[in-house]
Amino acid sequence: MNQRNSFITATPVFLAFLCMGFGDVVGPLTGLIKVEFQLSNFMAQLIPFMGFIMFGLLSIPVGILQDKKGKATILLTGLVLALMGLLIPMTGKFSSFIAILGGILLLGAGATFLQVSGNPLMRDVSAPGKYSRNLSLAQFIKAIGSLSGALIPLAAANYWGGDWKLLFPVYSIVIAIVLLWLSLSGIRKTEVRENREKPATFRSSFSLLRNRYVATMVTGIFLYVGAEVSMSSGLPIFLQDAFQLDIARMGLLGTLFFFLALTAGRFMGALVLNWIKARTFLIISVVFSMFGFLGVFSGVQTLAMVGIFVIGLGFANIFPLIFSTTVETMPERTNELSGLMVAAIIGGAIIPMLMGLVADNSSTSFAFIVPLACVIFILVASLIKPVRLIYN
């Protein structure tokens, strides 16, 4: 498969990554819904908790199901679930916090299906040696979807006379279009089905954790996603408390800066990975992100905003780099590895709750020590050299 044909084949998969990014809306929604329903920091973090808990519950079962049904089928199912999750709050006219949580739970389930299938499917449609690059590019597309979660409410409040509720019909229309496109694209004929004597099982999936490298990388995914969601959900609250910025009109600028940096960083990462090895770039990315926390802790608004952008640039490629380097060590176990690493996205449910507890008992500024601690672990993990792993 030449590079031009592989890119054309990968186009509908890139679109699925755009929809995958819609699941990150729980970050910017946290501060907005906190204000609307007058919630505590801990209760507000139930929003990302509901958005990410399904990763921990469903990822490994979905990975096993994917081994039988194929990645394309799981991808399409994820789009259907995400669409259903968006429709639930709309039917109740956003009047019930419980209904919103239920819709976010289903949206998280859809994002789980998309993550388990989309990341390894990108390997199937990539030219040889271009998987890490294409996965970073796909994460750039995903970041555009994530960015919209802050950009649309901000534009709605300042220019369109609306608010965060506009996200739901917009996302629903886009997902419906992508679902139709993928259904007609013949993506099932493109995917590579692993030829194995034994199908994937829960036992075969969890057995991979006996390998120290795999276990460390899975933990790295857990902590990275937790750190990313902690940033996106905590920044509007932090900017309101530290600098008295109104969340609806100005507080989302922090999250917008963060997602802009993620978006730009993933695009640049897709280019840089043509010349730099994935492991080297992972180490550089983690170290760079750590410098951004100095600005957040400075107490100066300008430095804080710069620090937020620096953190976003550093964070941009950590997930695809960990994911791709781990899968490349054992490509014949792609479905099980994908299930394990996507299950680790449950860190996006747990780490922000911890950050909320720290904020309630200290300050929203000090609470950023939680994502910083996650990044320090990832730095140590990134120094481990990947090795080719073979399991029978």
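*Asks:* Outline the overall build of the protein chain, listing residues and values.
*Replies:* Within the protein chain one finds 17 helices and zero strands. Its C-alpha radius of gyration of 20 Å places the protein chain within 12% of the 21 Å reference for a compact globule of 392 residues. When each of the 392 residues of the protein chain is scored for burial, the buried share is 61%. If you take every contact in the protein chain between residues at least 6 apart in sequence, the share linking residues at least 24 apart comes to 83%. Carbon and sulfur atoms make up 68% of the accessible area of the protein chain, which amounts to about 15,200 Å² in all. Positive and negative side-chain charges in the protein chain, numbering 26 and 15 respectively, have mean positions lying 8 Å apart.

*Asks:* Run through the nonpolar core, naming residues and quoting values.
*Replies:* Formed by 129 residues in total, the largest nonpolar core has its most connected members in Met122, Phe258 and Phe315. Per element, the largest residue contribution to this core is 15 residues, and it comes from helix 10 (residues 212-243). Residues in contact with Phe258, not counting those within four places in the same chain, are Glu228, Met231, Ser232, Leu235, Ile308, Ile311, Gly312 and Phe315.

*Asks:* Lay out the environment of Ser205 in plain terms, naming residues and giving numbers.
*Replies:* Summarising the element assignment, Ser205 is placed in helix 9 (residues 202-207). Taking relative accessible area as the criterion, Ser205 reaches 2% and is therefore assigned buried. Expressed as a C-alpha distance, the spacing of Ser205 and Asn335, which sit 130 residues apart in the sequence, is 8.6 Å. The residues contacting Ser205, other than those within four sequence positions of it, are Ile60, Ile64, Glu336 and Leu340.

*Asks:* So what about helix 14 (residues 318-329)? Which residues, and what values?
*Replies:* Counted at 1.5 Å a residue, the expected span for helix 14 with its twelve residues is 16 Å, and the 17 Å between its end C-alpha atoms agrees. With eleven of twelve residues buried, helix 14 is to be regarded as a mostly interior element. Within the sequence span of helix 14, burial applies to Ile318, Phe319, Pro320, Leu321, Ile322, Phe323, Ser324, Thr325, Thr326, Val327 and Thr329.

*Asks:* Can you lay out the pattern of salt bridges for me, pointing to particular residues and giving the numbers?
*Replies:* One pass over the full model with this rule turns up five salt bridges. For Arg333, the salt bridge identified is with Glu336, shortest N-O distance 3.1 Å. On the basis of relative accessible area, Arg333 is assigned to the buried category, the value being 6%. Connected via shared salt-bridge partners are Glu36, Asp163 and Lys165.

*Asks:* I'd like to hear about the packing of helix 16 (residues 347-361) against helix 17 (residues 369-382), residue by residue, with values.
*Replies:* Between helix 16 and helix 17, whose axes approach to 9 Å, the crossing angle comes to 135 degrees. With respect to helix 17, the axis of helix 16 lies oblique. Two secondary-structure elements touch here, helix 16 through Ile351, Leu354, Met355 and Val358 and helix 17 through Val370, Pro371 and Cys374. Broken down by class, the residue content of the contact of helix 16 with helix 17 amounts to seven nonpolar, no polar and no charged.

*Asks:* How would you summarise helix 17 if you had to cite specific residues and measurements?
*Replies:* The end-to-end C-alpha distance of helix 17 is 20 Å, a good match for the 20 Å that 14 residues give at a rise of 1.5 Å each. Restricting attention to buried positions, one finds in helix 17 the residues Val370, Pro371, Leu372, Cys374, Val375, Ile378, Ala381 and Ser382. Summarising the contacts, the buried residues of helix 17 are in contact with helix 10, helix 12 (278-296), helix 13 (301-315), helix 14 and helix 16.

*Asks:* Residue-level account of unusual backbone geometry, with values.
*Replies:* Positive phi, normally seen in glycine, also occurs at Gln38, with a value near 55 degrees. A positive phi angle is found at Phe94, which is not glycine, with a value near 60 degrees. Among the structural elements, Phe94 can be located in the loop between helix 5 (71-91) and helix 6 (97-124). For Phe94, a relative accessible area of 12% puts it in the buried group.

*Asks:* Residue-level account of the packing of aromatic side chains, with values.
*Replies:* Tallied over the full model, the rule gives 15 aromatic pairs. When the ring of Phe238 is compared with that of Phe243, the centres are 5.8 Å apart and the planes differ by 80 degrees; the resulting orientation is edge-to-face. Among the residues examined, Phe243 registers a relative accessible area of 14% and is labelled buried. One aromatic cluster is present, built from ring pairs that chain together Tyr224, Phe258, Phe259 and Phe315.

*Asks:* Give a description of a nonpolar patch on the surface that names residues and reports values.
*Replies:* Taken together, Phe267, Met268, Leu271, Trp275, Ile276 and Ile284 make up a surface patch of nonpolar side chains, about 620 Å² in accessible area. In terms of residue count, the dominant contributor to the nonpolar patch is helix 11 (residues 247-272) (three residues). Its location among the elements puts Ile276 in the loop between helix 11 and helix 12.

*Asks:* Go over the packing of helix 12 against helix 17 with me, naming the residues and quoting the values.
*Replies:* Helix 17 packs onto helix 12 with a crossing angle of 155 degrees between their chain directions and a minimal axis gap of 9 Å. It follows from the interaxial angle that helix 12 and helix 17 lie roughly antiparallel. For the crossing formed where helix 12 meets helix 17, the hand is left-handed. Between helix 12 and helix 17, the residues in contact are Arg279, Leu282, Ile283, Val286, Val287, Ser289, Met290 and Phe293 and Pro371, Leu372, Val375, Ile376, Ile378, Leu379 and Ser382, respectively. Of the residues in the contact of helix 12 with helix 17, the class split is twelve nonpolar, two polar and one charged.

Rules used in this analysis
- Residues numbered from 1 in each chain as written.
- Predicted model: local features only at pLDDT ≥ 70, side-chain atom pairs only at ≥ 80, totals over all residues.
- Heavy atoms only, no water.
- Helix = DSSP H or I, 4+ residues; strand = E, 2+ residues; numbered from the N terminus.
- Rg over C-alpha atoms; globule rule 2.2 N^0.38 Å.
- Buried < 20%, exposed > 50% of the residue type's maximum accessible area, 1.4 Å probe, protein only.
- Contact = heavy atoms within 4.5 Å.
- Areas by Shrake-Rupley, 256 points an atom, 1.4 Å probe, with all protein chains shown as cover.
- Lys, Arg positive; Asp, Glu negative; His and termini not counted.
- Charge placed at Lys NZ, Arg CZ, Asp CG, Glu CD.
- Core = buried A, V, L, I, M, F, W, Y, C linked by side-chain atoms within 4.5 Å.
- Expected span 1.5 Å × (residues − 1).
- Salt bridge = Lys/Arg side-chain N within 4 Å of Asp/Glu carboxyl O.
- Axes fitted to C-alpha atoms, helices over the stretch in contact; angles between N-to-C directions.
- Parallel < 35°, antiparallel > 145°, perpendicular 65-115°, else oblique.
- Nonpolar A, V, L, I, M, F, W, Y, C, P; charged D, E, K, R; others polar.
- Phe/Tyr/Trp six-rings, centres within 6.5 Å; stacked < 30°, edge-to-face > 60°.
- Patch = residues over 30% accessible without salt bridge, like charges linked within 9 Å, V, L, I, M, F, W, Y side chains within 5 Å.
- Left-handed = near helix turned anticlockwise from the far one by under 90°.

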